[in-house]
Amino acid sequence: METVELLLPKFESALIGYAREEIDIIFQAFEFAQKHHTGQKRASGEEFIIHPLSIGIILAKMNVDYEMIVAGLLHDVVEDTDVQLSEIIDLFGNKIAELVDGVTKISKLKPVARSEIKAETIRKMLFAMINDMKVIIIKLADKIHNMSTLNFLPEEKRKRIANETMEIYAPLAGKMGMHFIKDQLEDLALRWINPDAFLVIKNFFDNKEKDRERTISLITRKLEEKLTQYHTPFSIKSRTKHYYSIFKKMKKYNIRIEDIYDLYGIRVITDSVENCYKIFGIIHTLWHPIPSRFRDFIAHPKQNGYRSLHTTVIVERGKAVEIQIRTESMHEFNEYGVAAHWYYKKGAVPSDKQLKWLTKLKEVHKQNLSSQEYYQIIRDDILKDEIYVFTPMGDIIELPKGATAVDFAYRIHTEVGHRCKSAKSNGAIIPLHTPLKNGALVEINTGKYANPKQAWLTFVKTSHARKKIKYFLSKRKEELKPQKPEPVKKEKIEDKVKLQKRPDKKNRSSHISVEVNGEKNLMFSFAKCCNPQRDDFIVGYVSRGRGIIIHKVDCHSLNYIKDVDKRLIDVSWGGVKTSTIIYSFFVKIKNSMDLYDHISEILRKYNGRIIEWLIDNNPNEALNGFIVTEIPTNKNVDAIIYEIKNLDGVFDIKVK
Ligand code: MN
């Protein structure tokens, strides 16, 4: 348990570098807060003052201006004690009082429905941020300390807060270039969102500590020797990679932590850009670099202003170390982002490029959105990393990472989205669901009779496209006037599940069919030029008299067919694949539209899909039902269950 006696020396050493007068005011604020929080305890049983004091330490470590530290110490005084804001104004002045008021306003909410609290808090917070980023930095420091004391809260609350941190607060810190905060928040959140994975990683590093120290000191020694020889000023910092980045890698490549070869990293800090490149060159003469792993973020800074050189070199057999090279000021900026600007007080302001997301955020605040819509836009559009793609006219379109040609089409115009039939990236046809590559030139082929498809909802990334597609589909449903589906009863669900397992379907395992808009019995043949195989990405060419000819999407001969644009259609592999199994899962989930999307996204990742979604429709919080899915036999069902189970709002899932 933390105590004031243990924390004060840490606070004092973090304040080295601040002016005497500033430190005096900071301690005046500390004593004021301590006096007024006397007798209050946190859920952990600790004295309440531990909380503002910890925030003071986090802020001081970031070298933010002293007013922010003072406001951090006082941030709960107005809300949780009988102190009035006027008293803060009298004692500490307007500037500090405004910051305290900003943070207080975020936590105070007008009464709203429970389901809306999350979105409303975030709406308030981001609104406060538009006016003053300093408020957000204090709020983020508050979040770090709250996240590190989550173990004292009930599990469900813990998970909810951790998810919100992963979806909003950590990406927000990233947008502001504050990796110091982002990395901490992600690791703290991972611990509660995926405790098993967190422990695997933690234990691994705990056991490898000796090995790590040995490897790092080996490199350090060799590097020191060489750099001294070249009279290049430098300092070396060893760093443990943050757990969440390891976790992402394990997930992305579906590998165990033992199979990640570059678990260790060091940073070399020097005095000038020229020396960064010089050291980079020296490192490559000492060790063999992995070709695909150089990154020059000095010549091409990241959008949030991040600058550094990265390279991964092989230091011993099978062991690689990632080395980052940067100047001291780049380092400060990479760690503290917008907060670093105030520290240097160079009058530097974040560039337009860095603030672009903030401009977008302002626009979102002008719209009259429901809490749910607002939360989705923030999470899926504003805070996602972005890519830039080009239209054939050379216009740049910015999209969130993972966006597809359909997202692109809707961004250009709703009608282009609705009529989108196929797409090309840098001249080659790509499937509509493929994530676009940064910098690609994207073309959309539209068809007069093309229409949005239900399946698009499983892969579009922007809420804009999703909204337009849903609207179109619901309108068309109305026009078609279908009979109202009867509420699904338990017995019925079971019948349907049995239907999916009809043995005759299995007997057709050797049969291959191709679907066009769900239509199966069409005449088709496979193109000889590219000879598509099961599960290749394919397109159909409507020939004259020979039915549909199936090509691979990237088949070169398509480029030579004159009327290809008018005759290409979307096709997909149909029938029961020889290599898939139908699974039905019993699930208990929260009533939420998002879960359908999240679950189908997970299945898609494993080349599976949802066949039936049989969840009863009542207003209860927890819904029971069945999801019938098709999953390739070579995919690990346990892994899929594991991922689905970890979704926010999934209470239980079992193979039926
Ligand atoms: Mn607080």
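Residues numbered from 1 in each chain as written. Predicted model: local features only at pLDDT ≥ 70, side-chain atom pairs only at ≥ 80, totals over all residues. Heavy atoms only, no water.

1. Re the coordination of the manganese ion
As a benchmark, a tetrahedral metal site with four donors has ideal angles of 109.5 degrees, while an octahedral site with six donors has ideal angles of 90 or 180 degrees. Stated precisely, the cut-off is as follows: Distances decide who is a donor: an N, O or S atom must be within 2.8 Å of the metal, or within 3.2 Å for Na, K and Ca. Water is not included, so sites may look incomplete. In this description a helix means any DSSP run of H or I spanning at least four residues, a strand means any run of E spanning at least two, and both kinds are numbered starting from the N terminus.
For the manganese ion, the full set of protein donor atoms is His51 (NE2), His75 (NE2), Asp76 (OD) and Asp142 (OD), and the range of their distances to it is 2.2 to 2.7 Å. Donor residues for the manganese ion sit on one chain with the sequence pattern H-x23-H-D-x65-D. Placement of histidine 51 in helix H3 (residues 50-61) and of histidine 75 in the loop between helix H4 (66-74) and helix H5 (77-80) is noted, with a sequence separation of 24 residues between them.

2. Looking at the sheet that holds strand S10 (residues 428-430)
The strands making up a sheet associate through hydrogen bonds between their backbones, and the pairing can be parallel or antiparallel. Condition: Strand pairing requires that DSSP identify at least two bridges connecting the strands. To define axes, lines are fitted to C-alpha atoms, for helices over the stretch in contact only, and angles between the resulting N-to-C directions are given on a 0 to 180 degree scale.
The strand order across the open sheet formed by three strands is S10-S9-S11, and the pairing between neighbours is antiparallel. Either end of the sheet is taken by a strand with one partner, and the two such strands are S10 and strand S11 (442-446). Neighbour-to-neighbour, the strand axes of the sheet open up by a mean angle of 35°, direction not taken into account. Where strand S9 (residues 420-425) lies against S10, three bridges are found, and the strand directions are antiparallel. By the bridge assignment, serine 425 is partnered in S10 with alanine 428.

3. Topic: the side chain of histidine 37
The criterion, for reference: Burial classes: relative accessible area under 20% of the type maximum marks a residue as buried, over 50% as exposed, and values in between as partly exposed (1.4 Å probe, protein chains only). By the convention used here, residues are in contact when the closest approach between their heavy atoms is within 4.5 Å.
In this fold, histidine 37 is placed in the loop between helix H2 (20-36) and H3. Judged by its relative accessible area of 2%, histidine 37 is buried. The contact partners of histidine 37, leaving out residues within four places of it in the chain, are Phe48, Pro52, Asp76, Val77, Asp80 and Thr81.

4. Things to note about the pattern of salt bridges
The line we're drawing: Only one rule defines a salt bridge in this text: a Lys or Arg side-chain nitrogen within 4 Å of an Asp or Glu carboxyl oxygen.
What the rule picks out here adds up to 19 salt bridges. In this structure, aspartate 142 engages lysine 139 in a salt bridge whose closest nitrogen and oxygen atoms are separated by 3.4 Å. Placement of both aspartate 142 and lysine 139 in helix H9 (residues 133-147) is noted, with a separation of three residues, approximately one turn of the helix. Exposure remark for aspartate 142: the relative accessible area of 6% places this residue in the buried category. For glutamate 415, the salt bridge goes to arginine 419, with nearest N and O atoms at 3.7 Å. Three or more residues are tied together by salt bridges with common partners; here these are Glu167, Arg379 and Asp380.

5. A closer look at the environment of isoleucine 644
By the element assignment, isoleucine 644 lies in helix H26 (residues 637-645). Once residues lying within four places of it in the same chain are set aside, the contact partners of isoleucine 644 are Ile599, Ile602, Val650 and Ile653.

6. Some words on the packing of aromatic side chains
Where we set the bar: Between the rings of Phe, Tyr and Trp (Trp by its six-membered ring), a pair exists once the centres lie within 6.5 Å; its type follows the angle of the planes, with under 30 degrees stacked, over 60 edge-to-face, and the other angles tilted. A ring is considered to have a charge above it if a Lys NZ or an Arg CZ atom is located within 6 Å of its centre and within 35 degrees of its normal.
Under the criterion given, the structure shown has 12 aromatic pairs. Aromatic pair phenylalanine 180 and tyrosine 336: ring centres 5.2 Å apart, planes at 70°, arrangement edge-to-face. Of this pair, phenylalanine 180 sits in helix H11 (residues 179-193) while tyrosine 336 sits in helix H15 (residues 328-336), and the two are 156 residues apart along the sequence. Summarising the burial analysis for this pair, phenylalanine 180 and tyrosine 336 share the class buried. Each ring, one from phenylalanine 586 and one from phenylalanine 626, has its centre 6.0 Å from the other, and the planes form 70°; the classification is edge-to-face. Remark: phenylalanine 626 occurs in strand S20 (residues 622-632) and phenylalanine 586 occurs in strand S18 (residues 580-590); sequence separation between them is 40 residues. Ring pairing ties together the aromatic residues Phe198, Phe204, Phe205 and Tyr243, which thus form one cluster. A cation sits over an aromatic face here: arginine 123 above tyrosine 374, 4.8 Å from the ring centre. In this structure, lysine 143 is placed above the aromatic ring of tyrosine 169, and the distance from its NZ or CZ to the ring centre is 4.4 Å.

7. Structural notes on the environment of histidine 179
Along the chain, the position of histidine 179 falls in helix H11. For histidine 179, a relative accessible area of 14% translates into the label buried. Separated by 127 residues in the primary sequence, histidine 179 and tyrosine 306 place their C-alpha atoms 9.4 Å from one another. For histidine 179, the residues in contact, after removing those within four places along its chain, are Asn304, Tyr306, Asn334 and Glu335.

8. Considering the packing of helix H12 (residues 195-229) against helix H14 (residues 273-286)
The criterion, for reference: Orientation labels follow simple angle bins: below 35 degrees gives roughly parallel, above 145 gives roughly antiparallel, 65 to 115 gives roughly perpendicular, and whatever is left gives oblique. Crossing handedness follows the turn of the near helix against the far one: under a right angle anticlockwise gives a left-handed crossing, and clockwise gives a right-handed one. For this classification, Asp, Glu, Lys and Arg are treated as charged, while Ala, Val, Leu, Ile, Met, Phe, Trp, Tyr, Cys and Pro are nonpolar and the rest, including Gly, are polar.
Look at H12 against H14: their axes get within 11 Å of each other, and the N-to-C directions meet at 125°. Comparing the axis directions of H12 and H14 gives the class oblique. You can see that H12 and H14 cross each other, and the crossing is right-handed. Residue-level contacts link Lys222, Leu223, Lys226 and Leu227 of H12 to Ile279, Ile282, Ile283 and Leu286 of H14. The residue inventory of the contact of H12 with H14, partitioned by class, reads six nonpolar, no polar and two charged.

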